[in-house]
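Residue-level structure breakdown
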Protein chains: 4
Amino acid sequence: MSDLDLAIRGGTVITASDTIRCDVGIRNGRVALLAEAITDAKKTIDASGLYVMPGGIDSHVHLDQDSGPDITMADGFETGSRSAAAGGNTTIIPFALQVKGSSLRGCVSDYHAKAEGKSLIDYGFHLIVSDPTPTVLNQELPALFADGCTSFKVFMTYDDLVLNDRQLLEVFSVARREQALVMVHAEGYDTIKFMTETLEAAGKTAPYYHGVSRPEVIEREASHRAISHAELIDVPIMIVHVSGREAMEQIRWAKQRGLKVYAETCPQYITLTADDMKGANMDMSGAKYVCSPPPRDTDSQKAIWEGLSQGVFHTFSSDHCPFFYDSPRGKLSPKGQTSFKYVPNGIPGVETRMPILWSEGVAKGRISANEFVALTSTNHAKIYGLYPKKGTIAVGSDADIVLWDPNRKEVLRQEILHHGSDYTPWEGFAVTGYPVMTIARGRVIVEDGKVLGKPGDGQFLKRDKSPYAVPAGA
Amino acid sequence: MSDLDLAIRGGTVITASDTIRCDVGIRNGRVALLAEAITDAKKTIDASGLYVMPGGIDSHVHLDQDSGPDITMADGFETGSRSAAAGGNTTIIPFALQVKGSSLRGCVSDYHAKAEGKSLIDYGFHLIVSDPTPTVLNQELPALFADGCTSFKVFMTYDDLVLNDRQLLEVFSVARREQALVMVHAEGYDTIKFMTETLEAAGKTAPYYHGVSRPEVIEREASHRAISHAELIDVPIMIVHVSGREAMEQIRWAKQRGLKVYAETCPQYITLTADDMKGANMDMSGAKYVCSPPPRDTDSQKAIWEGLSQGVFHTFSSDHCPFFYDSPRGKLSPKGQTSFKYVPNGIPGVETRMPILWSEGVAKGRISANEFVALTSTNHAKIYGLYPKKGTIAVGSDADIVLWDPNRKEVLRQEILHHGSDYTPWEGFAVTGYPVMTIARGRVIVEDGKVLGKPGDGQFLKRDKSPYAVPAGA
Amino acid sequence: MSDLDLAIRGGTVITASDTIRCDVGIRNGRVALLAEAITDAKKTIDASGLYVMPGGIDSHVHLDQDSGPDITMADGFETGSRSAAAGGNTTIIPFALQVKGSSLRGCVSDYHAKAEGKSLIDYGFHLIVSDPTPTVLNQELPALFADGCTSFKVFMTYDDLVLNDRQLLEVFSVARREQALVMVHAEGYDTIKFMTETLEAAGKTAPYYHGVSRPEVIEREASHRAISHAELIDVPIMIVHVSGREAMEQIRWAKQRGLKVYAETCPQYITLTADDMKGANMDMSGAKYVCSPPPRDTDSQKAIWEGLSQGVFHTFSSDHCPFFYDSPRGKLSPKGQTSFKYVPNGIPGVETRMPILWSEGVAKGRISANEFVALTSTNHAKIYGLYPKKGTIAVGSDADIVLWDPNRKEVLRQEILHHGSDYTPWEGFAVTGYPVMTIARGRVIVEDGKVLGKPGDGQFLKRDKSPYAVPAGA
Amino acid sequence: MSDLDLAIRGGTVITASDTIRCDVGIRNGRVALLAEAITDAKKTIDASGLYVMPGGIDSHVHLDQDSGPDITMADGFETGSRSAAAGGNTTIIPFALQVKGSSLRGCVSDYHAKAEGKSLIDYGFHLIVSDPTPTVLNQELPALFADGCTSFKVFMTYDDLVLNDRQLLEVFSVARREQALVMVHAEGYDTIKFMTETLEAAGKTAPYYHGVSRPEVIEREASHRAISHAELIDVPIMIVHVSGREAMEQIRWAKQRGLKVYAETCPQYITLTADDMKGANMDMSGAKYVCSPPPRDTDSQKAIWEGLSQGVFHTFSSDHCPFFYDSPRGKLSPKGQTSFKYVPNGIPGVETRMPILWSEGVAKGRISANEFVALTSTNHAKIYGLYPKKGTIAVGSDADIVLWDPNRKEVLRQEILHHGSDYTPWEGFAVTGYPVMTIARGRVIVEDGKVLGKPGDGQFLKRDKSPYAVPAGA
Ligand SMILES: [Zn+2]
Ligand SMILES: [Zn+2]
Ligand SMILES: [Zn+2]
Ligand SMILES: [Zn+2]
Ligand SMILES: [Zn+2]
Ligand SMILES: [Zn+2]
Ligand SMILES: [Zn+2]
Ligand SMILES: [Zn+2]
């Protein structure tokens, strides 16, 4: 065993099903052995009193995404991946967004260029299909799937991204044929537009009305519609960023009918509410919480917990979509001050995702540590074609590991975070349980909040076809 | 009492709640009194052994509707109303359809002209809004509501009629403001189109594939979408011609949540199945059963009965939409032979509606005679603003009465019917219970199958605002 | 028409389905005719501005029931029926309770003797079967059904009344065979006993703990059990006095499955809550509200309204079970002060039932006036074999009528009521809508709060077999 | 590593969440390490092409149980454990049954004596509480829990075992206080007795009527009752041997409400139906399938699969309860021939459990191999306090391992099985996937059907308190 590069000793290894006291031996960036006591590695890390868990996989982050002429996203691949690593993550899957009218392939090339040499941790790309031309459907998508981008997101809203029902059916058909995993942003286009115009006409333009313009019923309708289309085509789908009871119950209903409908939720839906968007007396500070779908109410938080503990949700992601607050190219843009509809839509969260779920979930007894691992890492790997390379601590898997101190108390604050945004929606939020070391392919990249990893350490991940994308009737 | 024009003696009067042995005295076309024995009327009808029920109101019939350049509808107001009367009906509510690009008001005028002097029984008009321009929304609709057309239908499918979600929200808003009742044809446009093209590409063009092209999931999705839009706007809606379990369960779910969602079903959904469209060995005779939504299967028939007996459905209508079968301008049109999508969409049924529901429902013990009256008459009157003038047998109400022989056995055949079509989908269907006399505003218009009424006897009905259209939050 | 005894002129007649402006002519205690204007009766009552509705039928009242050696029921048939009449009722159906070990027939004879010459209004008897010996099952019950007591109540709790599951199955079988209607008091015996002893052991003996000792889950379990037994035997059942969401949802579930499960609820479950039993600082005044099942919370009130408006409940009864409050033989009995379990179980309410439902239901827009009539009268008559003699205003029916002023405001107070109790649980409760005249078989028995009827005016009603008791599989 | 006793090389290790190509090193009966290649163990087993899974844990088997004076159970601990081992199991948890009137502790001693020196594999005991006297509740149960029997079963039926509701509440309370896990046999006592007597009275005594005497509604009612009692006491429960849709849906409903209700199902409920009990023309051969609850129908099989794939069921056990068929002390006992109610109740199945679930579940694509492991091993260990000693393949865990050939085809036949019964209900049932080696604490005890283990090799397992028994409100 003198050939081991690293041993993690004395910790408790947690996987999606097991909680085991054992040491972890690492060689060439991969887990080489698990044993009771490993004494002869080149380097040893003492994990006594700590949990040794698979590094987080955040399968829903937006980095360096084009956000229109007036807005700048606050994170590129360098700061975004640094923030992720500091939050205990070892893999991210950002989006490569097709600009309408452009080649999807070209867009993906652009994102490769954006990421090249930048990311501290491994990354893949989900595609975003906004313009499903025959070329895209029949040539580009299959080619990109073959290149390891085996999942794509479609939007049921947003002017620049929305697909109509016909287009959804067509991309669903391609996904079925190619066994690609479809991710659905389920909010209704016409309904939001109608609500927005109605609110604007009434002079209701403060950030708070962002939430009013996209109530739960709009998310529920779109979720039901997506489920129905998926049922018609017989294709599995993942409904991302589910925000509340209404959509959650549609998904639970679909699952009970035996449909392959998966679902994701996010920290904002268990910790924030629509009232946060009121800011101070309906001022612009509410913009800090503007994201889509918007945070709901405490009953919906309760519903999301039901979904997390009852298996309705497979993944817990950040939907990290970072903007500046105090900037003319961010939340306080001149146009944003005229109407909520121009406020950049999204919040930073890749670094705080795991502490929030641990603290609110495991520490408060709502979910087990094993469920935490499944929700933050293992299921992401399995669903998005990265397993068993990623997502578990097992012989042969990449040595992507987070050491977790379940007793460490921290108060989330902008000053301790590493993202590009100038604020965090969780400023002052107290958590119990925090990552104390992040190890990526055997290298320590974060230690006690200090980032040791370098841009370019992270590699592009060619992902396999998802076993979760096999049609029920296949 | 010597001033009574007519007495119906010896029968059992059935209303939506009561079953009473009593005589009915009629004066000036209205019910003047109900008493144990009326002996002094100018004329007397012996109803011994018969049920004396409110004349049927068929709130869903299509007459003289423009069906494109190649197709002719088989009934205008004369034959259509004659057939209705022969089937025990005293009121019909056909549609006045707006042609896209045209004034809705102009279209209604056209329908008034088509009906003028033709109908044997009283009639109203539902509007069909296919082009909700600002003028239509803000001027024509309010004016037409004031003129007594207090309900309108919207379509979620059909090239010439479909409204998109934005348009639906706008007309729903007008309905809410004006307390008009919205009727929704809930099938998805893009999904049907996608399915149709897929089937055609596979050479599956026989009438049977009409059903395959619009499966239950498509109807369910549209129903859920309509319900969600109605919930968003807070406006009551009536989902018409519900065909099966999937849509039925959405409606039941909505009702349980306290939403004002009403529903209608039709004879085809309790007696026919998709297999009928197979015809003889997939030949064109299946076209006789082509209607939308299409008939489903026996489980859906069971579901419809659940809905009928459990109060999910308020109305049972015919959706009479009559075409010729053996005609180049009917089901056997040259284009229809090339693809199911060109087969004229609809079946005749205004005359057979009541016998079918009585026989399958009351005679077989699935519903009571009172529920039969509610489903075929009273609820139509209440929902569409005709009550108490129509829909019941009560002092002051119009003397619109059907005498019903619950024991009469009949075999439905084309030769005993009075519609314009050259066939009936229920050829050979045996029923127990049949109308033996129809009385409209005190005049006997049908007696034992012989039509005595005259074109022009029927009057246009200016309908009141529907109490069912009052928003929940009003 | 000079032979009419009475005409009610100018009012609006409301039945379970109709709302009609017409006059009512009465002869020999029955409705002889309904007409637009009746001018020649011997006596005329002006009902202008009033609703003319079927007199209330309260199918759940307890009168002169043996309540053990230490307690006296506050109403016999005279005061009880007077109070009922003053509250707009024309029929009551009290219980004839079998004492364990006694002949059921003998007990019924006793109740006939108690009622003889006392009741101001017509009455029937439900049986209470507490000791289903073979003689009772095979001889007494069939004989009593034939004598017109065609329904019986069984208890799943109370030491003196409880039937075990085996006994329930046996009486259910008899009911099925004889087409008698089973009423079920659905609370669990062992569970309540267990809770009671646990509470007493903890020193929790105040009236408030009555509610804690029988939580909703206990009522739900018993309801589910009764439903299951009924499903096994294939016999319809009526679950009486449903108090909250849990039991209501079981019943709704059963109905949706097509089971013949009917349900009743009561005023206490839409107006009171468990907190009322706290009295002033947990003193004995909470005993005024002690009844079983106990009042719940506001969510359960909401659930009961859902059930009332969605057709889950067929009947709305008082469960009038009157005791004195300030009496050693009433709520303040010495033993009652030692533990809630000795507090006499029941509240007076026969007089306030209809005003409360009208005010909270019709006046507040939750139900229609027609639904009010169905819930307070028509459905009782139909379900308990009194229709069409009772329960509607129709030719040939008994002239049992209440004139109702929908605009009259009243504050419920002990001093305006006519029952034997020395208090009302609704002291100070403001209502809109009140009965202004009660007419029983054509005689005015209450006029503006003044009782004109005499003991003995009321007759025993031999009830028909209930059409609602026909098994599904019959 | 020369100190390793055994290496399993070349296989694919499957746990409840992971599927990993790696070798397993064993020392002192426990897993010492997991590594890519282990070359230096004293002994090596080649597992190429095989799955290396945790040995099966069958948490529901009956061995050497007193079955009355006329009947002999076909398996004691020796044959029973041998059969288990041959079927891939390394742990069993039989029952120690309290005879009414006896000390529970004494009964447990008896079972220890029965097992001592007999079992080939490790075993624990569930208690069966049939007589919950104060001594049992307050002294014996806590002592036995402390001795490592941390779970107990209660029966809601069977003359010798049934607890009434009061007794259930009392033992539930003890379980809550002591954190013991309650297992519930949920069938109704009175209802079965009633049905049985009714059938016997009609001369319906063949084995087939066993199923008719305990229909799904009886199991559903008892399940709902147990759930309600558990909700009242706030104690987790495990409902064992769930047979069909009705009970399954109650459990799913309970889970969705957030109750800690766990459930088990068995091979008979996915492979047999009530018709099997018809035997040949209703002869006694149907007795081979008599068990309780009885097998249902194909829709219930479908429901059970829904429950297995949707997480309603945590464990899949055999409910091995073996009797002889062709024996006067078995299924063909003289009394059994007079009525189904005397037919010994149970079937053998400990050896066929895993092949049946693999073949019908994994091989047919209904569940994953990981879910198979969870359902047959891991969840049993976690729920019954054996984890992580048992139930997984992880460093430090007992080396309880089954090597599984997923491609091996076998036809289940009595001649290849090792149990004491003279028949198997699955005679002729073809399976794909079969165990080829069973390793218990590092020793090979079965190899290719040949049993190498010796009686007495198995040890009694003192089980920990179940983490699943922690009350929701704790
Ligand atoms: Zn999104
Ligand atoms: Zn996103
Ligand atoms: Zn339509
Ligand atoms: Zn139509
Ligand atoms: Zn009661
Ligand atoms: Zn009562
Ligand atoms: Zn059992
Ligand atoms: Zn068992």
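An unreviewed UniProt entry lists chain A under the name Dihydropyrimidinase, from Phreatobacter aquaticus. Under Cofactor (unreviewed entry), UniProt gives the following word-for-word description of chain A: "Zn(2+)".

1. A short note on the overall build of chain A
If you tally the helices and strands in chain A, you get 13 helices and 20 strands. Over its C-alpha trace chain A gives a radius of gyration of 21 Å, about what one expects of a compact globule, namely 23 Å for 474 residues. Overall size of chain A, expressed as C-alpha extent along the three principal axes, is 70 × 50 × 40 Å. Within chain A, buried positions represent 66% of all 474 residues. For chain A, the proportion of contacts with a sequence separation of at least 24, taken over those separated by at least 6, is 78%. When the accessible surface of chain A is split by element, carbon and sulfur atoms take 48% of a total near 14500 Å². Treating the 49 positive side-chain charges of chain A as one cloud and the 58 negative ones as another, the clouds have centres 2 Å apart.

2. Thoughts on the interface of chain B and chain C
With 30 residues of chain B at the contact, the number on the chain C side is 30 residues. With both sides pooled, the region where chain B packs onto chain C buries about 2100 Å², and carbon together with sulfur makes up 45% of that total. Together, Glu36, Gln256 and Val395 of chain B form the three largest contributors to the area buried by chain B at its contact with chain C, with a combined 27%. At the surface where chain B touches chain C, the tally comes to 2 salt bridges. Of the charged contacts, one joins Arg30 of chain C and Glu36 of chain B as a salt bridge, the two residues approaching to 3.1 Å between their closest N and O atoms. Contributing elements (two or more residues each) for the side of chain B that touches chain C: strand 3 (19-21), strand 5 (30-35) and helix 8 (245-256) of chain B. Per-element accounting of the side of chain B that touches chain C gives the leading share, 6 residues, to strand 5 of chain B. The residue makeup of the side of chain B that touches chain C, split by class, is 12 nonpolar, 9 polar and 9 charged. Inspection of the sheet shows strand 5 of chain B paired to strand 5 (residues 30-35) of chain C by 3 bridges, in the antiparallel sense.

3. Some details on the pattern of salt bridges
Under the defined criterion, the tally for this structure stands at 159 salt bridges over all chains. The shortest N-O distance in the salt bridge between Arg257 of chain B and Glu246 of chain A comes to 2.9 Å. With Arg257 of chain B in the loop between helix 8 and strand 15 (261-265) and Glu246 of chain A in helix 8 (residues 245-256), this residue pair bridges two chains. Here the salt bridges share partners, and the residues they tie into one network are Asp122, Lys389, Lys390, Asp398, Asp400 and Arg441 of chain A.

4. Topic: the coordination of the zinc ion (ligand 5)
Residues and elements named next belong to chain C. Looking at the zinc ion (ligand 5), the protein donor atoms are Lys153 (NZ), His185 (ND1) and His241 (NE2), and they sit 2.1 Å from it. Donor residues binding the zinc ion (ligand 5) come from one chain and are separated in sequence as K-x31-H-x55-H. Separating the zinc ion (ligand 5) from the zinc ion (ligand 6) is a gap of 3.5 Å. With Lys153 in strand 12 (residues 151-155) and His185 in strand 13 (residues 181-185), this pair connects stretches of sequence that are 32 residues apart. Per residue, the accessibility class of Lys153 equals that of His185, and both read buried.

5. What to know about the side chain of Ser377 of chain A
Secondary-structure assignment places Ser377 of chain A in helix 13 (residues 369-383). If we ignore the near neighbours within four places in the chain, the residues touching Ser377 of chain A are Pro54, Gly55, Gly56, Ile57 and Gly391 of chain A.

6. Details of the coordination of the zinc ion (ligand 6)
Residues and elements named next belong to chain C. Around the zinc ion (ligand 6), the protein supplies His60 (NE2), His62 (NE2) and Asp319 (OD) as donor atoms, at distances of 2.1 to 2.2 Å. Of note, the donors binding the zinc ion (ligand 6) are all from one chain and are spaced H-x1-H-x256-D. Relative accessible area serves as the criterion here: at 0%, His60 is assigned to the buried category. The exposure class of Asp319 is buried, given its relative accessible area of 7%.

7. With respect to the nonpolar core
Within soluble globular proteins, side chains that are nonpolar tend to cluster in buried spots. In terms of nonpolar packing, the biggest core is built from 302 residues, with Phe172 of chain A together with Phe172 of chain D touching the most fellow members. In this view, Phe172 of chain D contacts Val154, Val182, Val184, Ala226, His229, Ala230, Ile233, Val235 and Ile237 of chain D; residues no more than four positions away in its chain are not counted. Residues Trp426 and Val436 of chain B together with Met53 and Ala303 of chain C belong to the second largest nonpolar core, which totals 298 residues.

8. With respect to the UniProt feature "domain: Amidohydrolase-related" (unreviewed entry) in chain A
The sites that UniProt annotates as "domain: Amidohydrolase-related" (unreviewed entry) are residues 51-444 of chain A. With 37% helix and 18% strand, residues 51-444 of chain A has its two end C-alpha atoms placed 16 Å apart.

9. A closer look at the relation of the copies chain A and chain D
Superposing chain A onto chain D takes a rotation of 180° plus a shift of 0.0 Å along the axis, which leaves an RMSD of 0.0 Å. Here the copies are linked by what is in effect a two-fold axis. Residue by residue, 100% of the interface of chain A is reproduced at the interface of chain D, so both copies engage with the same surface.

10. Concerning the domain arrangement of chain A
All names here are of chain A. Domain annotation of chain A identifies domain 1 (6-53 + 389-451) and domain 2 (56-367). Measuring from the centre of the C-alpha atoms in domain 1 to the corresponding centre in domain 2 gives 27 Å. In this complex, domain 1 contributes 35 residues to the contact, which on the side of domain 2 involves 42 residues. Counting across the interface, domain 1 meets domain 2 through 2 salt bridges. On the surface where domain 1 and domain 2 come into contact, there are 11 residue pairs in polar contact (both at pLDDT 80 or more). Only strand 7 (51-54), strand 17 (401-412), strand 18 (429-440) and strand 19 (443-447) provide two or more residues apiece to the side of domain 1 that touches domain 2. In terms of residue count, the dominant contributor to the side of domain 1 that touches domain 2 is strand 18 (10 residues).

11. Description of the interface of chain A and chain D
Residue-level contacts link 30 residues of chain A with 30 residues of chain D. Three residues stand out in chain A for area buried against chain D, namely Glu36, Gln256 and Val395 of chain A, and they jointly supply 27% of the buried area on that side. Listing elements by their share of the side of chain A that touches chain D, those giving two or more residues are strand 3 (19-21), strand 5 (30-35) and helix 8 of chain A. For the side of chain A that touches chain D, the element with the most residues is strand 5 of chain A, which contributes 6 residues. Partitioned by chemical class, the residues of the side of chain A that touches chain D number 12 nonpolar, 9 polar and 9 charged.

12. Side note on unusual backbone geometry
Across the chain, the bulk of peptide bonds are trans and the bulk of non-glycine residues have phi less than zero. Across the junction of Ser292 of chain A and Pro293 of chain A, the peptide omega takes the value -10°, indicating a cis bond. Relative to the helices and strands, Pro293 of chain A resides in the loop between helix 9 (268-271) and helix 10 (298-309). The backbone phi angle of Met282 of chain C is positive, close to 65°, even though this residue is not glycine. Tracing the chain through its elements places Met282 of chain C in the loop between helix 9 (268-271) and helix 10 (298-309). For Met282 of chain C, a relative accessible area of 31% gives the class partly exposed. Despite not being glycine, Asp319 of chain D shows a phi value in the positive range, around 50°. Residue position: Asp319 of chain D is located in the loop between strand 16 (315-316) and helix 11 (334-338).

13. Notes on helix 5 (residues 189-201) of chain A
Quick reminder: α-helices carry 3.6 residues per turn. Residues three or four places apart thus point the same way. The end-to-end C-alpha distance of helix 5 of chain A, which contains 13 residues, comes to 18 Å, matching closely the 18 Å that a straight helix rising 1.5 Å per residue would cover. All of the buried residues along helix 5 of chain A are Asp190, Thr191, Ile192, Phe194, Met195, Thr196 and Leu199 of chain A. Looking at the packing, one finds that the buried side of helix 5 of chain A touches helix 6 (208-213) and helix 7 (216-233) of chain A together with helix 4 (165-178) and helix 7 (216-233) of chain B. At the exit of helix 5 of chain A stands Gly203 of chain A, carrying a positive phi of roughly 75°.

Quick notes on the rules
- Residues numbered from 1 in each chain as written.
- Chains lettered and ligands numbered in written order.
- Predicted model: local features only at pLDDT ≥ 70, side-chain atom pairs only at ≥ 80, totals over all residues.
- Heavy atoms only, no water.
- UniProt positions renumbered as here; feature names shortened; annotations may be inferred.
- Helix = DSSP H or I, 4+ residues; strand = E, 2+ residues; numbered from the N terminus.
- Rg over C-alpha atoms; globule rule 2.2 N^0.38 Å.
- Buried < 20%, exposed > 50% of the residue type's maximum accessible area, 1.4 Å probe, protein only.
- Contact = heavy atoms within 4.5 Å.
- Areas by Shrake-Rupley, 256 points an atom, 1.4 Å probe, with all protein chains shown as cover.
- Lys, Arg positive; Asp, Glu negative; His and termini not counted.
- Charge placed at Lys NZ, Arg CZ, Asp CG, Glu CD.
- Buried area = accessible area lost by both parts, 1.4 Å probe.
- Salt bridge = Lys/Arg side-chain N within 4 Å of Asp/Glu carboxyl O.
- Nonpolar A, V, L, I, M, F, W, Y, C, P; charged D, E, K, R; others polar.
- Pairing = 2+ DSSP bridges.
- Donors = N, O, S within 2.8 Å, 3.2 Å for Na, K, Ca; no water.
- Core = buried A, V, L, I, M, F, W, Y, C linked by side-chain atoms within 4.5 Å.
- Least-squares fit on C-alpha atoms with pLDDT ≥ 70 in both.
- Domains from an automatic or database assignment.
- Polar contact = N/O pair within 3.5 Å; in protein donor to acceptor, adjacent residues only side chain to side chain.
- Expected span 1.5 Å × (residues − 1).

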